[in-house]
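One letter stands for each residue in the lines below.
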Amino acid sequence: MALFTPNLSFKTATFNSSLFILPATRHQRLRLNRCSRSLKLRASVAVESPSTSATEHVGSPELLLEVKDLSAVISESKQPILKGVNLTVREGEVHAVMGKNGSGKSTFVKVLVGHPDYEITGGSVTYKGQDLLEMEPEERAVAGLFMSFQSPVEIPGVSNIDFLNMAYNSRRRKLGQPELGPIEFYGYIAPKLELVNMKVDLLNRNVNEGFSGGEKKRNEILQLAVLGADLAMLDEIDSGLDVDALCDVAKAVNGLRTSKNSVLMITHYLRLLEFITPTYIHIMENGRIVKTGDISIAKVLEKEGYKAISDA
Ligand SMILES: Nc1ncnc2c1ncn2[C@@H]1O[C@H](COP(=O)(O)OP(=O)(O)OP(=O)(O)O)[C@@H](O)[C@H]1O
């Protein structure tokens, strides 16, 4: 479940590692290459934006997020997880965070959205010039922070379209904009369904209930498309996706990118980074970012594992 869920407790989410399907056959690899070529073409054309047009940007990119020496512990046990994270994100950039299981990647983004499981013990986070750590989770969402969870939660009894409509209207209310009724909202959401290549019947099902892993991930990106974001934080959106779904999800994310918004994505795999080209790749180790570079880091990682990165 994404961040823009004012009526839901974060506690309802679970964060399990998910299965990732590698393109084993020649046919799958060819399919990926085709997808990759089409994505490169699409990335070079103007795209739909949740808030700003790509053509409006002039001058050098503004600072969007500045994280300095951020430390955090688990609220209940006081166990330290983040141990001095530093990261700067400018408008229009794509940052990928990689790292071994348990290194603190998900915790980092959850802390940024104000997840109550964690307590900040040091450092600062500035978002659009404001002290992010002073903002309530809902204020962060209204200010354009979005997080898609690694394992989206199911909400029995609430249809997907009603949920999206409610979340969208809740955001519009906070922004002082008129709410959209069901018919208007359907008109708004229909092209976004196309963007994520999602079946229309998933709108009438209960949120994520019985959805396949891939359908849940598409649904997360649909939420991003509906709500818009200045900083979209995507936690392993590639996990559990088949080749076609990965291509669709990557296309949708690229389709939502502009020169004004940014993406912070967590991934374990080079494959996603070949579709959504990162400006920087960061390696997280034991609660800190220990290395930053370009896609070559991910290539070394894919070939030789984390030992090669640590020793570099
Ligand atoms: N709410 C929590 N309660 C207990 N332990 C937690 C909690 N949140 C995080 N941790 C622990 O903190 C460490 C970092 O977890 P985190 O989910 O941030 O890792 P990650 O780098 O995202 O891992 P993965 O690649 O496996 O998803 C892990 O050891 C995890 O068990």
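Residues numbered from 1 in each chain as written. Predicted model: local features only at pLDDT ≥ 70, side-chain atom pairs only at ≥ 80, totals over all residues.

Within an unreviewed UniProt entry, the label attached to the protein chain reads ABC transporter I family member 6, and the organism entered is Abeliophyllum distichum.

The next thing to look at is the site of the ligand. Near the ligand there are 13 residues, and of these Asn101, Gly102, Lys105, Ser106 and Thr107 occur at the shortest range. When residues of the shell around the ligand are assigned to their parent elements, the largest contribution, 3 residues, is made by helix 2 (residues 105-113). Its residues assigned to classes, the shell around the ligand comprises 3 nonpolar, 8 polar and 2 charged. (Near = placed C-beta within 6 Å. Helix = DSSP H or I, 4+ residues; strand = E, 2+ residues; numbered from the N terminus. Nonpolar A, V, L, I, M, F, W, Y, C, P; charged D, E, K, R; others polar.)

Attention now goes to the pairing of strand 3 (residues 94-99). Most of strand 3 sits out of view: 6 of its 6 residues are buried. Burial along strand 3 is two-sided: Val94, Ala96 and Met98 and His95, Val97 and Gly99, pointing in opposite directions, are all buried. Here strand 3 runs beside strand 10 (residues 262-266); their pairing, made up of 4 bridges, is parallel. Looking at the pairing, Val97 lines up with Ile266 of strand 10. Pairing of strand 3 with strand 11 (residues 280-285), which is carried by 5 bridges, proceeds in the parallel orientation. (Buried ≥ 20, exposed ≤ 12 C-beta atoms within 10 Å, placed from the backbone. Pairing = 2+ DSSP bridges.)

With 76 residues, the main nonpolar core has Leu112, Ile221, Ala225, Leu231, Met233, Val249 and Ile276 as its most contacted residues. Broken down by element, this core gets its largest block of residues, 9 residues, from helix 7 (residues 243-256). (Core = buried A, V, L, I, M, F, W, Y, C linked by C-beta atoms within 7 Å.)

Turning to helix 7, a few remarks are in order. In a regular helix each residue adds 1.5 Å, so 14 residues correspond to 20 Å; helix 7 covers 20 Å between its end C-alpha atoms and thus fits that length. When helix 7 is considered as a whole, its buried residues turn out to be Val243, Ala245, Leu246, Cys247, Asp248, Val249, Ala250, Lys251, Ala252, Val253 and Leu256. (Expected span 1.5 Å × (residues − 1).)

Glancing now at the environment of Gly228. Position of Gly228 relative to the elements: it lies in the loop between helix 6 (213-227) and strand 9 (231-235). For the pair Gly228 and Val142, spaced 86 residues apart in the sequence, the C-alpha separation amounts to 9.9 Å.

Looking now at helix 9 (residues 295-304). The complete set of buried residues in helix 9 reads Ile297, Ala298 and Leu301. The buried residues of helix 9 occupy an angular sector of 95° when projected down its axis, which confines them to one face. In helix 9, the exposed residues that point more than 90 degrees away from the buried face are Ser296, Lys303 and Glu304. Of the residues one or two after helix 9, Gly305 is the one with positive phi, at around 85°. (Arc of directions from axis to C-beta.)

Let us look at the sheet that holds strand 11. With mixed pairing, the 6 strands of this open sheet are ordered in space as 6-9-10-3-11-12. Here the strands that pair on one side only, and so sit at the sheet edges, are strand 6 (145-148) and strand 12 (288-293). Each strand axis lies, on average, 20° off the axis of its neighbour in the sheet, ignoring direction. Of the strand pairs in this sheet, strand 11 and strand 12 are connected by 5 bridges, and their pairing is antiparallel. Directly across from Ile283, in strand 12, lies its bridge partner Lys291. (Axes fitted to C-alpha atoms, helices over the stretch in contact; angles between N-to-C directions.)

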